[in-house]
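Listed below are the residues making up each chain.
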Amino acid sequence: MPKIFTQTPRVVVILETCVQPDREKLDGIFKYVRFYGPWHLHIIQNRVGEQRLAHFETWQANGIIVGQSMLDMEDTLARTELPLVLIDPLPRHLTRSSPFSRCSHVQNDSASVGIAAADYFLTKGFKRFAYVGEVLDRLWSQGRGRGFADRLRRAGFSCQTYVPPAAAELSDWAVEQARLALWLAALPKPVALFAAMDIRARQVLDTCLISGIKVPEDVAILGVDNDEQLCLGSFPTLSSIGCDMAQCGFMAAQLLDELMRGKRKLRTVQTYGVKKIVERQSTRATQPVQDQLVARALDFIRLNACEGIGVADVVAYLKVSRRLAELRFRKVCGRSLLDEIQSVRLERVRRLVAETDFSIREITDRSGYQTEDHLRRMFKRHFGTTMRTYRHQD
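This text gives an overview of the structure that appears in the document. Per chain, the residues get numbers from 1 upward, laid out in the order the sequence is written. For a predicted model such as this one, the threshold for reporting local features is a pLDDT of at least 70, and the threshold for listing and counting side-chain atom pairs is 80 or more; totals across whole chains, interfaces and linings nevertheless cover every residue. Side-chain descriptors were evaluated using all non-hydrogen atoms of the structure, hydrogens and water having been removed beforehand.

1. Brief notes about the overall build of the chain
And step 1. The secondary structure listing takes helices from DSSP runs of H or I that are at least 4 residues long and strands from runs of E that are at least 2 residues long, numbered from the N terminus. In terms of helices and strands, the chain carries 15 helices and 12 strands.
And step 2. Counting only C-alpha atoms, the chain reaches 85 × 50 × 35 Å along its principal axes.
And step 3. Going through the 394 residues of the chain one by one, you find that 47% of them count as buried.
And step 4. For the chain, long-range pairs separated by at least 24 residues make up 66% of all intrachain contacts whose partners lie at least 6 apart in sequence.
And step 5. We treat Lys and Arg as the positive residues and Asp and Glu as the negative residues; His and chain ends play no part in the count. In plain terms, the charge of a residue is placed at NZ if it is Lys, CZ if Arg, CG if Asp and CD if Glu. With 56 positive and 45 negative side-chain charges, the chain shows a spacing of 4 Å between the two charge centroids. Think of it in three bands: residues with accessible area under 20% of the maximum for their type are buried, residues over 50% are exposed, and the middle band is partly exposed, with areas taken using a 1.4 Å probe on protein chains only. The contact criterion used is simple: two residues touch if any of their non-hydrogen atoms lie within 4.5 Å.

Now the structure itself:
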């Protein structure tokens, strides 16, 4: 017969919620508690100055869910006799000598993530592939790389894998970045590159940009975690595989509930996989501009359109006649230089209207327009509505 609680169970949750994946896992735990609770939750996020539980038993805790960020609580956790569920445990926690080796846990199906990445790139028609693993080359990173390479091998393609530097070099990003830059430069292009996680994908992207390697034209980059702060804060924005972190948290809570009630005695391992792939600019196919004059004009406009430049500034930068610049730009892009300047400005305006509470005056200043009236007319002509209506629409 399952244990009957006479008081609301107290559960300690240890997750590093400064990163989006762990916040999503916490959401999954909350969802389980809403369905099958109530529980009293004590959430430890490993932040500076945070008040923690030195002894779980003195708080009368009934169970613990813990992610990878055990940090200085590992010794305390190893001594507890409370039901304990691990989320994505590190390899050393699964060895026979570890006090956590008999704990039930939920972990990512790393191979399935690699397979999903390979299938995504294959459907986009790529023929060359590369993989960059996590810097410490942990088992989950190796699993994603193997899943990626094995799926490509079955499709008749090979995969080049970046070998991380020796441990002594890892502390100096400048040293590794130079090494990574040489490896990226030597890859045959265009190439589809899968990175083990978004942080690593961001490092690859930054290295490409400082090395003059175009993304996605030369290297298309796909990460894992769909951490929006990283993905949307990059230029170009990063495509990413979103794993089902909420399901992971839900399964961990269910395992702990069964352990606390005595419904489950034996060690149980459950896995979670891919939820979706979010495509952004880093893998989105673009038609490369062959005319270098036009390519230079586009880069200049995208960098400076909102600083109040005009067509004369673009022409001066290109060092050709205005007529030649206009003819070649229109031939390649199908629009004028002024149209391109307005398009870039209005896209910034659209984002500022939709995503901020800036005043029209401030948006005018930040987008390169001289007067608010001019901006209002241009916005309504381009988007078919006023800025006020656009801001408040669902």
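2. Focus on the packing of aromatic side chains
And step 1. Only Phe, Tyr and Trp rings take part, Trp by its six-membered ring, and two of them pair if their centres are within 6.5 Å. Stacked means planes under 30 degrees apart, edge-to-face means over 60, and tilted covers everything else. Under the counting rule described, the total for this entry stands at 19 aromatic pairs.
And step 2. Relative to Phe-148, the ring of Tyr-131 has its centre 6.4 Å away and its plane inclined at 40°; by these criteria the two rings are tilted. Linking Tyr-131 in strand S6 (residues 129-132) with Phe-148 in helix H4 (residues 139-154), this pair joins segments that are 17 residues apart in sequence. Of the two residues, Tyr-131 and Phe-148, neither departs from the other in class, the shared state being buried.
And step 3. Pairwise contacts between aromatic rings join Tyr-120, Phe-121, Phe-126, Phe-129, Tyr-131, Phe-148, Phe-157 and Phe-194 into one cluster.
And step 4. Ring-over charges, as used throughout, are those where CZ of Arg or NZ of Lys falls within 6 Å of the ring centre and within 35 degrees of the ring normal. The lysine or arginine in question, Arg-10, covers the ring of Trp-59, its NZ or CZ lying 5.2 Å from the ring centre.
And step 5. Taking NZ or CZ as reference, Arg-345 lies 5.5 Å from the ring centre of Tyr-369, over its face.

3. Description of the pairing of strand S10 (residues 239-243)
And step 1. Within S10, five of the five residues are buried, which leaves the element mostly enclosed by the surrounding structure.
And step 2. Going residue by residue along S10, you find Ser-239, Ile-241 and Cys-243 tucked away on one face and Ser-240 and Gly-242 tucked away on the opposite face as well.
And step 3. Pairing between two strands is assigned when DSSP locates at least 2 bridges connecting them. Bridging between strand S9 (residues 219-224) and S10 involves three bridges; their strand directions are parallel. The residue of S10 that forms the bridge with Val-224 is Ile-241.
And step 4. Here four bridges tie S10 to strand S12 (residues 274-278), and the two strands are oriented antiparallel to one another. Note that in S12 the partner of Ser-240 across the bridge is Val-278.

4. Brief notes about the nonpolar core
And step 1. Counting 44 residues, the largest nonpolar core has Ile-29, Trp-39, Phe-121, Phe-148 and Phe-194 as its most contacted members.
And step 2. At 10 residues, the largest contribution of residues to this core is made by helix H8 (residues 245-260).
And step 3. Put simply, buried Ala, Val, Leu, Ile, Met, Phe, Trp, Tyr and Cys residues joined by side-chain atoms within 4.5 Å make one nonpolar core. Counting 20 residues, the second largest nonpolar core, distinct from the first, contains Val-132, Cys-208, Val-215 and Ile-221.

5. A word on the sheet that holds strand S1 (residues 10-14)
And step 1. Pairing is parallel across the open sheet formed by six strands, whose spatial order is S2-S1-S3-S4-S5-S11. Looking at strand neighbours, the two that pair on one side only are strand S2 (40-44) and strand S11 (269-272), the edges of this open sheet. Averaged over all pairs of adjacent strands, the angle between strand axes in this sheet comes to 15°, irrespective of strand direction.
And step 2. One ladder, built from five bridges, connects S1 with S2; its direction is parallel. In the sheet register, Val-13 faces S2, and the bridge partner there is Ile-43.
And step 3. Here an angle of 0 to 180 degrees is reported between the N-to-C directions of two axes, which are lines fitted to C-alpha atoms, with helices fitted over the stretch in contact. Contacts from helix H1 (residues 20-36) reach S1, S2, strand S3 (63-66), strand S4 (84-87) and S11 within the one sheet, and its direction differs from that of S2 by about 175°.

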